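Structural description and commentary
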Amino acid sequence: MTAVRGAAVDSGRDRDRDRDRGRDRDRDRGTTGVRATARIAARVDGRGGTALPVLESDGPLALRRTRGRGDAARVMLVGAMSGPLGGDRFAVETEVGEEARLDVGSAAATIALPGQAKGEARYDVRIDVAAGGELRWLPEQLISAKGSDLAVSTRVELAAGARLVFREEQVLGRAGEEPGRLRSRLTVLLDGRPLLDQEVACGPGAPGGWDGPAVLGGHRAVGQLLVVRPEFVDKQPEPRVLAETAALTPLAGPAVLVSALATDALRLRRVLDQALAELDG
């Protein structure tokens, strides 16, 4: 049985390498962007832990299982190629079954870059968490480099009784650099009803005032932390200011949202980490 599995893994790796070479050739010719979709599915394993029956990497989206915490499985997203570049279409689909626990992170920041292919790049994240399931989605920052054009869309569907920790951090430009164009929308449904639906647009071509005092106020790092827990129905954290440009807001549901601005990625992470530590108790 082990030999069969090994052969299947080797065959899959060969197909991945062939697919990557083909995409590299297309990118070099500038004829099209890269299309890639990675998939994760988590299920209870019947032994007090969480199994990953689906862990499907694709092109630049490489998934690796690492040591988890307790009965939770842990997956790291490792960038196998640069991107997303202009014209690329990336997607990550994650499904957490009943009572399963999954942590998802990334090995490094994602950098949106200009590319030879025309048009915007897209990065779509689709998350589904069943009743009693728990997902902690804590990737590294997304950096919008000068000349890039990226649209990010995240849709999360939670069943009643699901748990979620979702962090999103965006950095506008590298050190000393103007940002690219970035549009990001986060939509969260709980038991089929809207919990949160918000969109932000920054950089060249964004609606006027995005960098003004009513929006970013000159800050170059923006982030949010969404925590959904059934126990918030009975006792929800009180709204409060966490820092000069950060606040915790209870939502109309068993959830709280931490919104923060900072001058750089390091300061942003400190604020969000402190908020999560307090919410975790």
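What you are looking at is a predicted structure, and each value in this text was computed from that prediction instead of being measured.

1. Brief notes about unusual backbone geometry
- Positive phi, normally seen in glycine, also occurs at E99, with a value near 65 degrees.
- Residue placement: E99 occurs in the loop between β5 (89-96) and β6 (101-106).
- Notably, D191 is not glycine yet its phi reads approximately 55 degrees, a positive angle.
- Following the sequence through the fold, D191 ends up in the loop between β13 (181-190) and β14 (193-202).

2. A look at the sheet that holds strand β1 (residues 35-44)
- The sheet built from seven strands is open, its strands ordered β2-β1-β5-β8-β11-β13-β14 with mixed pairing. Two strands lie at the open edges of the sheet, namely β2 (50-56) and β14, each paired on one side alone. If you compare each strand with its neighbour and ignore which way they point, the axes differ by 10 degrees on average.

3. Let's talk about the layout of surface pockets
- Of the pockets and cavities examined, the second largest pocket occupies roughly 320 Å³.
- Lining of the second largest pocket is provided by 17 residues; of these, Q198, V200, V222, Q224 and S259 occupy positions nearest its centre.
- A breakdown of the residues in the lining of the second largest pocket according to their chemical character gives eight nonpolar, seven polar and two charged.

4. Topic: the pairing of strand β16 (residues 240-243)
- Where β16 meets strand β17 (residues 246-250), three bridges bridge the pair, whose relative direction is antiparallel. When the bridges of β17 are listed, A243 appears paired with A246.

5. Observations concerning the environment of S153
- Position of S153 relative to the elements: it lies in strand β11 (residues 149-158).
- Not counting the four nearest positions on each side in its chain, S153 is found in contact with R122, Y123, D124, V125, R126 and R185.

6. A closer look at the pairing of β13
- In terms of residue burial, β13 counts as a mostly covered element, since eight of its ten residues are buried.
- One ladder, built from ten bridges, connects β11 with β13; its direction is parallel. By the bridge assignment for β13, L158 is matched with L190.
- Strand direction decides the pairing type here: β13 and β14, joined by nine bridges, are antiparallel. Paired with L186 across the two strands is Q198, which belongs to β14.
- Where β13 folds back on β14, the antiparallel hairpin that results is connected by two residues, among which D191 adopts a positive phi of roughly 55 degrees.

7. Thoughts on the pattern of salt bridges
- In total, this model carries 25 salt bridges according to the counting rule given.
- Across the salt bridge formed by R69 and D103, the nearest N and O atoms sit 2.6 Å from each other. In this pair, R69 is assigned in the loop between β3 (61-66) and β4 (73-79) and D103 in strand β6, connecting sequence segments 34 residues apart.
- Classification of R69 by relative accessible area gives partly exposed; the value is 31%.
- Exposure remark for D103: the relative accessible area of 5% places this residue in the buried category.
- The residue R269 makes a salt bridge to E169 at a minimum N-O spacing of 2.7 Å. With a gap of 100 residues between them, R269 in helix α2 (residues 265-280) and E169 in strand β12 (residues 163-172) connect regions that are remote in the sequence. Considered together, R269 and E169 belong to a single accessibility category, that of buried residues.
- Each of R69, D71, R101, D103 and E134 takes part in salt bridges that share partners, so that together they form one network.

So, how was this worked out
- Per chain, residue numbering runs from 1 following the sequence as it is written.
- Per-residue local features of the predicted model are confined to residues with pLDDT of at least 70, and side-chain atom pairs are confined, for both listing and counting, to 80 or more; whole-chain, interface and lining totals are unaffected and use all residues.
- To get the side-chain values, all heavy atoms of the structure are used, and hydrogens and water are removed first.
- Where helices and strands are cited, they refer to DSSP runs of H or I of at least four residues and of E of at least two residues respectively, numbered from the N terminus.
- When DSSP finds two or more bridges between two strands, those strands count as paired.
- Interaxial angles span 0 to 180 degrees and are taken between N-to-C directions of axes, which are lines fitted to C-alpha atoms, for helices over the stretch in contact.
- Computed over the protein atoms alone on a 1 Å grid, cavities are sets of points where a 1.4 Å probe fits but cannot get out and pockets are open sets with protein on both sides within 12 Å along at least five of seven lines; a residue lines them when it has an atom within 4 Å of a point.
- Grid points are joined across faces, edges and corners, and a volume is the space filled by probe spheres set on the points.
- Each residue receives one of three labels: charged for Asp, Glu, Lys and Arg, nonpolar for Ala, Val, Leu, Ile, Met, Phe, Trp, Tyr, Cys and Pro, and polar for the others, Gly being one of them.
- Only heavy atoms enter the contact rule, under which two residues are in contact if any of them lie within 4.5 Å.
- Accessible area is worked out with a 1.4 Å probe on protein chains only. A residue is then buried under 20% of its type maximum, exposed over 50%, and partly exposed in between.
- Salt bridge criterion: a side-chain nitrogen from Lys or Arg within 4 Å of a carboxyl oxygen from Asp or Glu.

Everything listed here is a matter of coordinates, which is why it stays silent on function.
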